[in-house]
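Chain by chain, the residues run as shown.
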Amino acid sequence: MNDSLLVRLPKGADLLTALASLCRGKNITKGHVSLIGALERAVLGYYPQDTREYRTRTIESGTEILAGLGNISLKEGEPAIHLHLTLLLGNITVIGGHAMPGNILFAGEACITPIEGPRLHRGLDTATGLPLWDQSGM
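Worth saying up front: this structure is predicted, and the values here are computed from it rather than measured. (Residues numbered from 1 in each chain as written. Predicted model: local features only at pLDDT ≥ 70, side-chain atom pairs only at ≥ 80, totals over all residues. Heavy atoms only, no water.)

A few words now on the overall build of the protein chain. When helices and strands are tallied, the protein chain shows one helix and nine strands. Each helix (α) and strand (β) of the protein chain, taken in turn from the N terminus, gives the series β-α-β-β-β-β-β-β-β-β. With the principal axes as the frame, the protein chain shows a C-alpha extent of 50 × 45 × 20 Å. Evaluated residue by residue, the protein chain yields a buried proportion of 41% over its 138 residues. Considering only residue pairs separated by 6 or more positions, the protein chain has 66% of its internal contacts joining residues 24 or more positions apart. (Helix = DSSP H or I, 4+ residues; strand = E, 2+ residues; numbered from the N terminus. Buried < 20%, exposed > 50% of the residue type's maximum accessible area, 1.4 Å probe, protein only. Contact = heavy atoms within 4.5 Å.)

Here it is in structure tokens:
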């Protein structure tokens, strides 16, 4: 039996908020997410390893989501979506990056696959400065 959820995401919603809300409602605390669709507004991030601070780029015009790929775990007890996006711009240029808050959906279809087993929590990894999976108990 396949426990994957196939869902249509709401137009006008923040992409990460919509995915986290869905996971919260279905009690999904660990899993995989993939999606396609379109954004009215896109916000992508890049994490330079030397400065350890995200740089962001906002695209105010519509884009197509060619691919969204990520995972679901817990951060501070709430579902956290770590998602990377590959986007198509209107001039047929492809860009990509880390999905940041502020991605506003035009249309979206997601496949969320829960993963069983112990909960997976995110915590600050001092070696990278990123909120990575805490695997100290493994």
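With that out of the way, let us pick up unusual backbone geometry. Within the chain, Asn 27 stands out as a residue other than glycine whose phi angle is a positive 55 degrees. Secondary-structure assignment places Asn 27 in the loop between α1 (15-25) and β2 (31-46). We classify Asn 27 as exposed; its relative accessible area is 57%. The backbone of Arg 52 sits at a positive phi, close to 55 degrees, despite the residue not being glycine. By relative accessible area, Arg 52 is classed as partly exposed at 39%.

Let's shift gears to the nonpolar core. Where a protein is soluble and globular, its nonpolar side chains tend to be buried together. If you look at the biggest cluster of nonpolar residues, it comprises 29 residues, and the most contacted ones within it are Leu 19, Leu 35, Ile 81, Leu 83 and Leu 85. For this core, the secondary structure elements donating two or more residues are β1 (5-9), α1, β2, β4 (63-75), β5 (78-88), β6 (94-99) and β7 (104-114). Setting aside its immediate chain neighbours within four residues, Ile 81 contacts Leu 16, Leu 19, Ala 20, Cys 23, Val 33, Asn 71 and Ile 72. (Core = buried A, V, L, I, M, F, W, Y, C linked by side-chain atoms within 4.5 Å.)

Before going further, it helps to spend a moment on the side chain of Thr 63. Of note, Thr 63 is situated in strand β4. Filtering out sequence-adjacent residues up to four positions away, Thr 63 remains in contact with Ala 38, Leu 39, Ala 42, Leu 87, Leu 88 and Leu 89.

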